[in-house]
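The chain contents come next:
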Protein chains: 4
Amino acid sequence: MHIGMVGLGRMGANMVRRLMRGGHQAVAFDRSPDAVAALVKDGADGAISFADLARQLDTPRVVWLMVPAGVVDATIADLLPHLSPNDTIVDGGNSYYVDDIRRAKELAAAGVHYVDVGVSGGVFGLERGYCQMIGGESDIVAHLEPIFATLAPPTEAAAPTPGRAHRVGTADRGYLHCGNVGAGHFVKMVHNGIEYGMMAAYAEGLGILRHANIGRADQEHDAETTPLGNPQHYQYDFALDEITELWRRGSVITSWLLDLTAEALLQSPDLSAYAGRVSDSGEGRWTIKAAIDEAVPVPVLTAALFSRFASRGEADYSNRVLSAMRAGFGGHSEKK
Amino acid sequence: MHIGMVGLGRMGANMVRRLMRGGHQAVAFDRSPDAVAALVKDGADGAISFADLARQLDTPRVVWLMVPAGVVDATIADLLPHLSPNDTIVDGGNSYYVDDIRRAKELAAAGVHYVDVGVSGGVFGLERGYCQMIGGESDIVAHLEPIFATLAPPTEAAAPTPGRAHRVGTADRGYLHCGNVGAGHFVKMVHNGIEYGMMAAYAEGLGILRHANIGRADQEHDAETTPLGNPQHYQYDFALDEITELWRRGSVITSWLLDLTAEALLQSPDLSAYAGRVSDSGEGRWTIKAAIDEAVPVPVLTAALFSRFASRGEADYSNRVLSAMRAGFGGHSEKK
Amino acid sequence: MHIGMVGLGRMGANMVRRLMRGGHQAVAFDRSPDAVAALVKDGADGAISFADLARQLDTPRVVWLMVPAGVVDATIADLLPHLSPNDTIVDGGNSYYVDDIRRAKELAAAGVHYVDVGVSGGVFGLERGYCQMIGGESDIVAHLEPIFATLAPPTEAAAPTPGRAHRVGTADRGYLHCGNVGAGHFVKMVHNGIEYGMMAAYAEGLGILRHANIGRADQEHDAETTPLGNPQHYQYDFALDEITELWRRGSVITSWLLDLTAEALLQSPDLSAYAGRVSDSGEGRWTIKAAIDEAVPVPVLTAALFSRFASRGEADYSNRVLSAMRAGFGGHSEKK
Amino acid sequence: MHIGMVGLGRMGANMVRRLMRGGHQAVAFDRSPDAVAALVKDGADGAISFADLARQLDTPRVVWLMVPAGVVDATIADLLPHLSPNDTIVDGGNSYYVDDIRRAKELAAAGVHYVDVGVSGGVFGLERGYCQMIGGESDIVAHLEPIFATLAPPTEAAAPTPGRAHRVGTADRGYLHCGNVGAGHFVKMVHNGIEYGMMAAYAEGLGILRHANIGRADQEHDAETTPLGNPQHYQYDFALDEITELWRRGSVITSWLLDLTAEALLQSPDLSAYAGRVSDSGEGRWTIKAAIDEAVPVPVLTAALFSRFASRGEADYSNRVLSAMRAGFGGHSEKK
């Protein structure tokens, strides 16, 4: 197919490459001419403006946006004047599905279709393929299927699920029409919420292993310090690079995230290159908000999100309140 | 009664004072001669050693320990040779109730009784009185009742509970024999666990109010930052000193901790004197361990404890693991 | 002043009574004629319709709404045609502050003012007074001050905060203009979030005390059951009615919620009249959403909310997923 | 090698089979003669008592225990009289590492070695191999290496970690000597803690997807129910069997646990065969206790554990306390 790609960052550029390898033709646009030039060198057509992009695309046009969630609306506003009825905008970034629902309604007024695609796979997608969670009108989604199929990972990327042979459908081909508009980003949002929880599970567990030698430290005896009753139980210096490698085979907690963790710890068991200020990019927050609206308790996913907030110092004021209270009722001073 | 007090810190010294005001006679001992001298000036007898302490006390002796939990065993080991059968050791500090059970057994071999008393009230106890949660043998506890009654707050410290007039017992007089040895510190442990949870509830709520003006901040638009969808909803600069004062009257969340918070915020709404490194002194930890043994879910109390850990940087390694993972699968760099 | 009250439930009816005791004149309206009749008997004027209400009120009118959050918009829609420019609607219910912001804008188009008041005090407010957190235009709020002052608790309801004598302002009189429209419900929302956390702290702590006799239970030895390593540490039968009474005096965790808890446990230590299905009425949810928007970690408040969700069975599907996983990898069957 | 296996349940029996396939010789013992007979049929030697087991084994003997954690001590007590100095007991079950440390000391007095092995792999181990985390004396562990190597999964079970080619060691062969006695079960304990967190992450995420159609439900309007402000955002009926299958390829959250989840949901998307009462078998609890001793915050792992407790009704009393409080301050009745 013929497709326009707007946003040639970490994700967008490699998606264009994977599409071209699969025989599709792409027109690439980015605010950065260098990013466009790099893809032109790899075989894409380059556009210098939305007008240029629209002019080069076959109609009805398909324009895939791969831009930060915060600028999708502005991008659509700039792009729309150059589109025609029956064109389709695909938002493959990390939009809030609530925005999808609104946008689809707004674009429908101009006769333009809107498809939301949650894309997972990160920087490995070019080689591994991109897992795609799709929302939108059925016929439009069906029309785009050649694109999704090319971007997707091969079926062989995972062993067949026992008992599934008789199923028809695309789930085991790495893309899925999950429902009406917003469904794609809803599922991707929850996917990322789960990702936060899994990452935190590993990180917390490794934190425990890392400090399993605390029994060797000298202890302070004052009213501000809890005595460690059993220092003899915390005398282990664990090799986290070896342990994460070990878990990759035969354990219950094997996963791709574990593979990456083992690789990172192999390079640096201390991870001293990192400060531990962990960003979050929206989906984790939206996941919790959806759970709250649905009254579904999600303590694990929420704890994972809040740990990230706290890692960036966002609990500082609350912590000062605690110190002030302790000083108030107990005369406790903060320890350095 | 005649009582020996070992440990004349924040709590112990004032307890001696309150006892003397109530007509009791006290022999005071501390590793610091200055601490002893200060109490002697206020009317106590001073001891220069455990031998001296034991010599001065009427028999059967009552020795009340008010020392950090980490040195109780060492203190008892030094004291015991100077005691006689039928003497009683009262541990009024923050011991782990499991240690109480062990100690009572050990001391019974020497014919010495052991009573554990969880004491709440903090630095205000001299004036407010001390809430006492007591564990141990019934007859020994009964024998010590004049001491408990003097240390306790007056019944008038709280309004009568409707329907309680017919009850006999000491709970509304500020002390209670809660059960066999360990029961006092068990109840105090849980009391402190609850305290952690309540403190965190206020602290988190105030944190939300404090940042309710976030909609005024400039926003960044990149893949590492969640866009704030509705900055117009976060335009409030709340006066936390006024709001905590307000809540003290008629609201559902009135409490003594709130009184202290309002006072602290009156002095400094920014609490800039504090770094927000919040200590924990054991009971919170033991509370969670007990809950785990009992299979009782205590997510709130646990979250409060973990926030304190994190406030002291104890999550740093785990956070670095998260950053390493994010770099691994998504090419995400940490933000400064 | 002359005021109209719409909604004569648990809260609204008693607020009218307190206002009349304070010398104000009220016109009362409710969908239930019986509710109106009850207040007329107590001295209020009754209205049979919004038209009737509007007709009876002095202009500019003040109409105070005390209706469920879910019907405020519908109520305003019905009421508005009967109001005139410069009239004021006060929403004293539990509205989402975001709705306040929207409504104020909508009503401004009709020249009608909107004031949001978060009211705490529950069913005790008639006697104790109502703590009021107020948002809206300064001059309108100032105009309503006689109403707020009458509804508020007396200053004597709490001891003076040390160091506060020089402060001017109304916080220690039980009402406070917290900021622009929405500020009142924002502060009330956070107040309730804190309330959830405090309640959970007590409830969890009492749960631990309740199960402190678990060491007496027979233990099962199978791969699905964790052996209790130390049954001798869990042999306590605690009298929770006595312990909560004890804590009311001199302890760090005294509070009005504790007073109520002691009263409830006095009536029934087993609380067998309750099923433990705990409702939530919105503010807890909104509190978490605000914290997420602000990136402030609130693990305690969130855990408290999620415990309520789970108490109502909202975790059932997630739990079944866990059981299915356990059956999948370990052949574990569910225990009855 | 020649090895005795005690405990022929889900795990032990298959481990014997895998050992025999690998050329080792096994003497099998279980309290159930049927379990022994089944293995004898598969080629093992059967023992009818510990005496018989000891008699049949080459010396120095190696006896591997695969029994519930709660009966390990009793089993060792019965077995020990039949062993000789230099024999080795391997505990391959789910013991608490603290018990390992104690046992090793006790057994050393009898000249008997003790090795702790945390074994992961569940019912799939016979085919997949068993991931083994090992603690104990280096020379004893080295001596047992042929056993570990046979039980372990093949290196090919996972792709090579980039940059690891130069490493020597056994981690990528599926077994690892993690440290002194207790180290094996410590690492396994944390492994299971992580497992709890990951499982909960998936379960919570699926719970959100499951209830994404809540906007279609009728809403109640009363003071006990939070109005859903945006029902139009929750109109999705997600096919969870398809979505979990989709995520198996190319997504960030691929894992073996996800594979099992997809299989379970394929069989029954409603999971109606399960009641959702989720057991825990010790390691999760011990993980949290270790984290608390180390002061490492582990909110995610803890939330996962507490959700299991709550799924079994262990929060019931706490929930009743909440209902009683709500009735007390607000006159709120429980909803059915």
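Definitions and cut-offs
- Residues numbered from 1 in each chain as written.
- Chains lettered and ligands numbered in written order.
- Predicted model: local features only at pLDDT ≥ 70, side-chain atom pairs only at ≥ 80, totals over all residues.
- Heavy atoms only, no water.
- Helix = DSSP H or I, 4+ residues; strand = E, 2+ residues; numbered from the N terminus.
- Contact = heavy atoms within 4.5 Å.
- Buried area = accessible area lost by both parts, 1.4 Å probe.
- Salt bridge = Lys/Arg side-chain N within 4 Å of Asp/Glu carboxyl O.
- Polar contact = N/O pair within 3.5 Å; in protein donor to acceptor, adjacent residues only side chain to side chain.
- Nonpolar A, V, L, I, M, F, W, Y, C, P; charged D, E, K, R; others polar.
- Least-squares fit on C-alpha atoms with pLDDT ≥ 70 in both.
- Phe/Tyr/Trp six-rings, centres within 6.5 Å; stacked < 30°, edge-to-face > 60°.
- Buried < 20%, exposed > 50% of the residue type's maximum accessible area, 1.4 Å probe, protein only.
- Lys NZ or Arg CZ within 6 Å of the ring centre and 35° of its normal.

K.L.:
Whenever I open this one, unusual backbone geometry confuses me. Can you help?
P.N.:
Residue P60 of chain B follows T59 of chain B across a cis peptide bond; omega there is -10°. If you trace the backbone, P60 of chain B turns up in the loop between α3 (50-56) and β4 (62-65). Notably, N86 of chain C is not glycine yet its phi reads approximately 80°, a positive angle.

K.L.:
Can you help me understand the interface of chain A and chain B in this one?
P.N.:
Note: interface size is frequently given as the accessible area lost on complex formation between the parts. Between chain A and chain B, the contact holds 70 residues from the first and 70 residues from the second. By the criterion of area lost to chain B, the three top residues of chain A are Y317, M325 and F329 of chain A, representing 14% of everything that side buries. On inspection of chain A and its partner chain B, the count reaches 0 salt bridges. The interface formed by chain A and chain B contains 14 residue pairs in polar contact (both at pLDDT 80 or more). Counting only elements with at least two residues in the side of chain A that touches chain B, the list comes to α9 (183-210), α11 (256-267), α13 (299-311) and α14 (316-330) of chain A. Among the elements that make up the side of chain A that touches chain B, the one with the highest residue count is α14 of chain A (14 residues). Grouping the constituent residues of the side of chain A that touches chain B by class yields 30 nonpolar, 23 polar and 17 charged.

K.L.:
I keep staring at the relation of the copies chain A and chain B and nothing clicks. Help me out?
P.N.:
Note on the chain copies: they are related by a rotation about an axis and a translation along it. For the pair chain A and chain B, the best superposition has an RMSD of 0.0 Å and corresponds to a rotation of 180° with a translation of 0.0 Å parallel to the axis. Interpreted geometrically, this transformation is the action of a two-fold axis. The position closest to the rotation axis in chain A is occupied by the C-alpha of A310 of chain A, lying 3.8 Å away.

K.L.:
Hey, could you run me through the packing of aromatic side chains in this one?
P.N.:
Two numbers describe a pair of aromatic rings. These are the distance of the centres and the angle of the planes. One pass over the full model with this rule turns up 56 aromatic pairs over all chains. Look at F29 of chain B and F50 of chain B: their rings are 5.0 Å apart centre to centre, the planes differ by 50°, and that puts the pair in the tilted class. Of this pair, F29 of chain B sits in strand β2 (residues 25-29) while F50 of chain B sits in helix α3, placing them 21 residues apart in sequence. Looking at F29 of chain B, the relative accessible area reads 11%, which means it is buried. In textbook terms, an aromatic cluster arises when at least three aromatic residues are bridged by ring pairs, as seen for Y96, Y97, F186 and W286 of chain A together with Y234, Y236 and F238 of chain D. For the cation-ring pair, R308 of chain C lies above Y196 of chain C, with the distance from its terminal atom to the ring centre recorded as 3.7 Å.

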